[in-house]
Amino acid sequence: MLNDAKNIQKIISMKRLKIGQYTINFPIIQGGMGIGVSWDRLAGAVSFAGGLGIISAIGTGYYQNMHFVEKVVDSRPYDVQNLYSFEALKAIVKNARKICGQNPLGVNIMCAINDYGRVVADACKSGIDIIISGAGLPTNLPEFTDNDPRIALVPIVSSAKALKIICKRWMQRYNRIPDAVVLEGPLSGGHQGFKYEQCAMEEYQLENLIRPVKDEIREWGDFPLIAAGGIWDKNDIDKVMALGADGVQMGTRFIGTYECDASEVFKQVLIRAEKEDIQLLKSPVGYPARGVRTNLINLADKKEGAAIKCISNCVSPCQRGKGAKEAGYCIANCLGDALAGKEDSGLFFTGANGYRLKEIISVKELMNKLINGE
Ligand SMILES: Cc1cc2nc3c(=O)[nH]c(=O)nc-3n(C[C@H](O)[C@H](O)[C@H](O)COP(=O)(O)O)c2cc1C
């Protein structure tokens, strides 16, 4: 089936993706990437090009948005209300809208953040269409959107079991099923829904998870399955679509665009990275996270990194710096430093394919390659 070029062309280029009441022209979602890797410029450009752009709601009070923040300590947004600044999120959404017009636009909100419910409500007030939420099970997500059917809700899972728990809870409490589900395999960038050892095991690879998750979807109704993690080109897209996915979510490849909001340093760190530099790292969030092994990580492993003082109170599993001390670094500070272009102290997340990034191109060019092939 995969060799039938004409069929494949049809699969990818003709199929629109329907998520709730929204239709996305091409079944390509740009994954939310924090801090500040996918904000207004990237998400706006992807939605404008006919994919679905996703703004990261993580650390919106950082860097160029610091003027929205009421209290700054040691150049960091102080505590949750400033780290996840509503005013900054509104401004990011407004700018992205200027770029993409009325095309659907989404936001990514990690369940693990402190003030999760408030940030979800802020996203709704900012005029977002779709909320994608993972890094934990978003079992109470509909509550924070007032179960408004106009806001499409998309959980991220790494197993059929996780999807079952979410569907069961949402049906019982809110009489609602997801509008789509992102299934993220262990080659993805950032936090993983697996234990370290599981990430390398055959049974947990994306292609082996699609069928069971598709079967679980059928137990509850009919909503699209979006495959994520390690998808790089049109060939990869066609492969997962042939296995039953209705669309893809891609993160790392979008970092290689002019519009990507990450610092130039971030993009160069990826361009310079070799395959073996990309590893699973310890994270204060409690899950393994994939990123580039830099000097920061070498020092963190030896517990020789910068002194850890919790200023932003970013994620609940960290317990105000306890997890950071165990991991050897503060995740909010280090992701913030990557955004500010500080190579020595920045944390650079990437998917396993990040070493394949060789050039920076426009979102339009990238979408064209993904849709039509090289
Ligand atoms: C720099 C970076 C930051 C990310 N941040 C988040 C995040 O804040 N929340 C989230 O759910 N996923 C996050 N991800 C995962 C992406 O949204 C995406 O699902 C994943 O990277 C897909 O795999 P790929 O990078 O191989 O395409 C991040 C990924 C990267 C590379």
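Residues numbered from 1 in each chain as written. Predicted model: local features only at pLDDT ≥ 70, side-chain atom pairs only at ≥ 80, totals over all residues. Heavy atoms only, no water.

The next subject is the domain arrangement of the protein chain. Domain boundaries in the protein chain define domain 1 (5-70 + 80-262 + 353-372) and domain 2 (267-339). The centre of domain 1, based on its C-alpha atoms, is set 22 Å off from the matching centre of domain 2. On the side of domain 2, 28 residues touch domain 1, which itself brings 39 residues to the contact. Taken over both partners, the interface formed by domain 1 and domain 2 buries close to 2,700 Å², and the fraction arising from carbon and sulfur atoms is 62%. (Domains from an automatic or database assignment. Contact = heavy atoms within 4.5 Å. Buried area = accessible area lost by both parts, 1.4 Å probe.)

With that settled, consider the site of the ligand. In the vicinity of the ligand there are 22 residues, among which Gly 32, Glu 184, Gly 230, Gln 249 and Thr 252 approach most closely. The separation between an oxygen atom of the ligand and a polar side-chain atom of Thr 252 is 2.5 Å. About the coverage of the ligand: the protein hides 96% of its 600 Å² of free accessible area. When grouped by side-chain class, the residues that make up the shell around the ligand number eight nonpolar, 13 polar and one charged. (Near = heavy atom within 4 Å. Polar contact = N/O pair within 3.5 Å; in protein donor to acceptor, adjacent residues only side chain to side chain. Areas by Shrake-Rupley, 256 points an atom, 1.4 Å probe, with all protein chains shown as cover. Nonpolar A, V, L, I, M, F, W, Y, C, P; charged D, E, K, R; others polar.)

Our next topic: the sheet that holds strand 15 (residues 289-292). With antiparallel pairing, three strands are arranged side by side in an open sheet as 11-15-14. Bordering the open sheet on either side are strand 11 (190-191) and strand 14 (278-281), each of which pairs with just one other strand. Examined bridge by bridge, strand 11 and strand 15 share two bridges and lie antiparallel to one another. When the bridges of strand 15 are listed, His 191 appears paired with Ala 289. (Pairing = 2+ DSSP bridges. Helix = DSSP H or I, 4+ residues; strand = E, 2+ residues; numbered from the N terminus.)

One finds Ile 55, Ile 109, Phe 254 and Leu 347 to be the most contacted residues of the largest nonpolar core, which totals 106 residues. If one sorts the elements of this core by residue count, helix 7 (residues 160-174) sits on top with seven residues. Built from parts of two domains, this core gets at least three residues from each of domain 1 (5-70 + 80-262 + 353-372) and domain 2 (267-339). Filtering out sequence-adjacent residues up to four positions away, Ile 55 remains in contact with Ser 38, Trp 39, Ala 43, Leu 89, Ile 92, Val 93, Ala 96, Leu 105, Gly 106, Val 107, Asn 108 and Ile 128. Ranked by size, the runner-up nonpolar core spans 16 residues in total, among them Tyr 22, Ile 130, Ile 156 and Ile 226. (Core = buried A, V, L, I, M, F, W, Y, C linked by side-chain atoms within 4.5 Å. Buried < 20%, exposed > 50% of the residue type's maximum accessible area, 1.4 Å probe, protein only.)

With that settled, consider the pairing of strand 8 (residues 130-133). Burial along strand 8 is two-sided: Ile 130 and Ile 132 and Ile 131 and Ser 133, pointing in opposite directions, are all buried. Of the strand pairs in this sheet, strand 7 (residues 105-108) and strand 8 are connected by three bridges, and their pairing is parallel. By the bridge assignment for strand 8, Gly 106 is matched with Ile 130. Handedness of the crossover joining strand 7 and strand 8 through helix 5 (residues 116-125) is recorded here as right-handed. (Right-handed = clockwise from strand over helix to strand, strands pointing away.)

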